[in-house]
Amino acid sequence: MAMMAQTATRTPARWQDFVLLLKPRVMSLVVFTALTGLVCAGQPVNPILASVAILCIAVGAGASGALNMWYDADIDRQMRRTRGRPVPAGKVQGADALALGVVLSLFSVMLMGMALNWLAAGLLAFTIVFYAVVYTMWLKRWTAQNIVIGGLAGALPPVIGWAAASGTTPLNAWLLCAIIFMWTPPHFWALSLYTSEDYAKAGVPMMPVVKGAASTRLQILVYSLLLIPICLAPAATGLGGPVYLGVASVGGAVFLLLAWRLYLSHAGDAADPRNDDGLYDVRAGASDARNLFAFSILYLSLLFATLLGEHLAGVRPLELLR
Amino acid sequence: MSDPSHEGDDFAKARRGRNIALALGLIVFVILVFVVTIEKLGASVANRPF
């Protein structure tokens, strides 16, 4: 019945709706981290081929987003944050989202292989499959560790960029991957502390839904403690320079302070499924979760922007371990 | 498939927009493949044996 009503009121799909399927905001972050990896590789790359590599990574990320929206339409429909997406909103048919995702996946991987190298193409294919199949179809609905393991898909773009430029993936490339991988849990769990009712309603086993807010706050603190040394490591491995060390240190201290304040707070305790006031309404104690969520985005952006700036400006890395 | 004769202006306008976007996408793809081919083959294109 609901489906019939939805079909009757369906609005025509505009090209902009198909662009939204590609998750442009996520795509922009992927482009930024992939570009950092490509530049940090330190290999001379033809600028046109480098642009093609970044385009392929962006399109591959967009394809993953379209496949995710196709498969997750049922749970997206139940959450305030996602119910306006093109498929649950009835603007785009699920089959069209699937077709777009498959075609763009093939396009991006094949062009990456032909234009750059097949190591980068293979990593891109793995990332798309990992996000669309392993995370979306399996982990997301099955375990509270969904975003921990699934975070690998979001962490791989700098490695793909590095591989595209150099044809190799040395330790420093994987260090960039490790930074994003360890950053993902505190980032998403901070968000989920004040949107957990949405996830509970949709049956998605996010950490606050399964283990409760107190356990989530503790795990955020633990992951933050593990994250900061990894963020400092590039200064020791010949990847980051003095500016990077300063940004990673000061930002890391602020990150830990916010994680500690969140741990001591009652964020997420007052979740009330009956409250439907707004998407990111901040309840008692939840401002600490919001602060960490916002700062985590700033911190990751600053780290990668600093690395990018140092390499473009020719700043000599510190190599503290040598 | 829907019958275009029963569609309103909104549907026709949206379809036209999608068609233009698809055409532009295909043109960009063709240009990309051409440029990548030239960049990868480089001087070999001009100096190939006949």
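It should be emphasised that the depicted structure is a prediction, and the values quoted were computed from it without experimental measurement.

Engineer: Teacher, can you tell me more about the overall build of chain B here?
Structural biologist: The number of helices and strands found in chain B is one helix and zero strands. Here chain B displays about 4300 Å² of accessible surface, and carbon together with sulfur accounts for 67% of that area.

Engineer: Got a minute to help me understand the interface of chain A and chain B in this structure?
Structural biologist: Note on interface size: it is often stated as the accessible area lost on association of the parts. On the chain B side, the residues contacting the 17 residues of chain A number twelve residues. Summed over both sides, the interface of chain A with chain B buries roughly 1200 Å², with 80% coming from carbon and sulfur. When the buried area of chain A at its contact with chain B is split by residue, A:P12, A:W15 and A:I48 rank highest and sum to 35% of it. Remark: the boundary between chain A and chain B carries zero salt bridges. The interface formed by chain A and chain B contains three residue pairs in polar contact (both at pLDDT 80 or more).

Engineer: Honestly, the packing of aromatic side chains in this entry has me stumped. Any pointers?
Structural biologist: Any pair of aromatic rings gets described here by the distance separating the centres and the angle formed by the planes. Residues and elements named next belong to chain A. Enumeration according to the criterion identifies eleven aromatic pairs over all chains in this entry. Look at W260 and Y263: their rings are 5.6 Å apart centre to centre, the planes differ by 35 degrees, and that puts the pair in the tilted class. With W260 and Y263 both in helix α14 (residues 242-264) and three residues apart, the pair spans about one turn of that helix. According to the relative accessible area criterion, Y263 is partly exposed, its value standing at 32%. The structure contains a cluster of three or more aromatic residues connected by ring pairs, namely F255, F295 and Y299.

Engineer: Help me understand the environment of A:P205 in this model?
Structural biologist: Residues and elements named next belong to chain A. Take P205: it is sitting in the loop between α11 (196-202) and α12 (207-211). Each C-alpha atom, one on P205 and one on L139, is 9.4 Å from the other, the two residues being 66 residues apart in sequence. Ignoring any residue separated from it by four or fewer positions in sequence, one finds P205 in contact with K140, R141, W142, T143, A144, N146 and V210.

Engineer: I tried to follow the environment of A:A202 on my own but got confused; where do I start?
Structural biologist: Residue and element names in this part refer to chain A. Along the chain, A202 turns up in helix α11. Along the backbone, A202 and D74 are 128 residues apart, and their C-alpha atoms lie at a distance of 8.4 Å. Ignoring any residue separated from it by four or fewer positions in sequence, one finds A202 in contact with I75, Q78 and M79.

Engineer: Hey, could you run me through the packing of helix α3 (residues 24-40) of chain A against helix α4 (residues 47-71) of chain A in this one?
Structural biologist: A packed helix pair is summarised by two numbers, namely the angle formed by the two axes and the spacing between the axes. Residue and element names in this part refer to chain A. Two elements in contact, α3 and α4, have axes separated by 9 Å at closest approach and are oriented at 145 degrees. In the crossing of α3 with α4, the sense of the turn from one axis to the other is right-handed. Together, M27, V30, V31, A34, L35 and L38 of α3 and A50, A53, I54, I57, A58, A61 and G62 of α4 make up the contact between the two elements. Partitioned by chemical class, the residues of the contact of α3 with α4 number twelve nonpolar, one polar and no charged.

Engineer: What am I meant to see in the environment of B:V36 here?
Structural biologist: Tracing the backbone through its elements, the reader meets B:V36 in helix α1 (residues 9-41). Sequence-distant contacts of B:V36, that is, excluding residues within four places in its chain, are made with A:L49, A:V52 and A:A115.

Engineer: What is the right way to read the nonpolar core from this model?
Structural biologist: Across soluble globular proteins, nonpolar side chains show a tendency to be buried alongside one another. Residue and element names in this part refer to chain A. In terms of nonpolar packing, the biggest core is built from 99 residues, with L21, M112, W189, F255, L292, Y299 and L303 touching the most fellow members. Counting residues per element, this core draws most heavily on α4, which supplies 13 residues. Counting the residues that make up this core, at least three belong to each of domain 1 (18-168) and domain 2 (170-322). Setting aside its immediate chain neighbours within four residues, F255 contacts W183, P186, S224, L227, I228, L292, F295, S296 and Y299.

Engineer: Looking at this structure, how should I read unusual backbone geometry?
Structural biologist: All names here are of chain A. Positive phi values are uncommon outside glycine, yet K23 reaches one of about 50 degrees. Within the fold, K23 resides in the loop between α2 (15-21) and α3. On the basis of relative accessible area, K23 is assigned to the buried category, the value being 13%.

Engineer: What exactly am I supposed to notice about helix α6 (residues 94-115) of chain A here?
Structural biologist: The periodicity of an α-helix, 3.6 residues per turn, causes residues three or four places apart in sequence to face the same way. The terminal C-alpha atoms of α6(A) lie 31 Å apart, and with 22 residues this matches the ideal 32 Å at 1.5 Å per residue to within 8%. For α6(A), the full list of buried residues reads A:A97, A:G101, A:L104, A:S105, A:F107, A:S108, A:V109, A:L111, A:M112, A:G113 and A:A115.

Each value, and the rule that gives it
- Residues numbered from 1 in each chain as written.
- Chains lettered and ligands numbered in written order.
- Predicted model: local features only at pLDDT ≥ 70, side-chain atom pairs only at ≥ 80, totals over all residues.
- Heavy atoms only, no water.
- Helix = DSSP H or I, 4+ residues; strand = E, 2+ residues; numbered from the N terminus.
- Areas by Shrake-Rupley, 256 points an atom, 1.4 Å probe, with all protein chains shown as cover.
- Contact = heavy atoms within 4.5 Å.
- Buried area = accessible area lost by both parts, 1.4 Å probe.
- Salt bridge = Lys/Arg side-chain N within 4 Å of Asp/Glu carboxyl O.
- Polar contact = N/O pair within 3.5 Å; in protein donor to acceptor, adjacent residues only side chain to side chain.
- Phe/Tyr/Trp six-rings, centres within 6.5 Å; stacked < 30°, edge-to-face > 60°.
- Buried < 20%, exposed > 50% of the residue type's maximum accessible area, 1.4 Å probe, protein only.
- Axes fitted to C-alpha atoms, helices over the stretch in contact; angles between N-to-C directions.
- Left-handed = near helix turned anticlockwise from the far one by under 90°.
- Nonpolar A, V, L, I, M, F, W, Y, C, P; charged D, E, K, R; others polar.
- Core = buried A, V, L, I, M, F, W, Y, C linked by side-chain atoms within 4.5 Å.
- Domains from an automatic or database assignment.
- Expected span 1.5 Å × (residues − 1).

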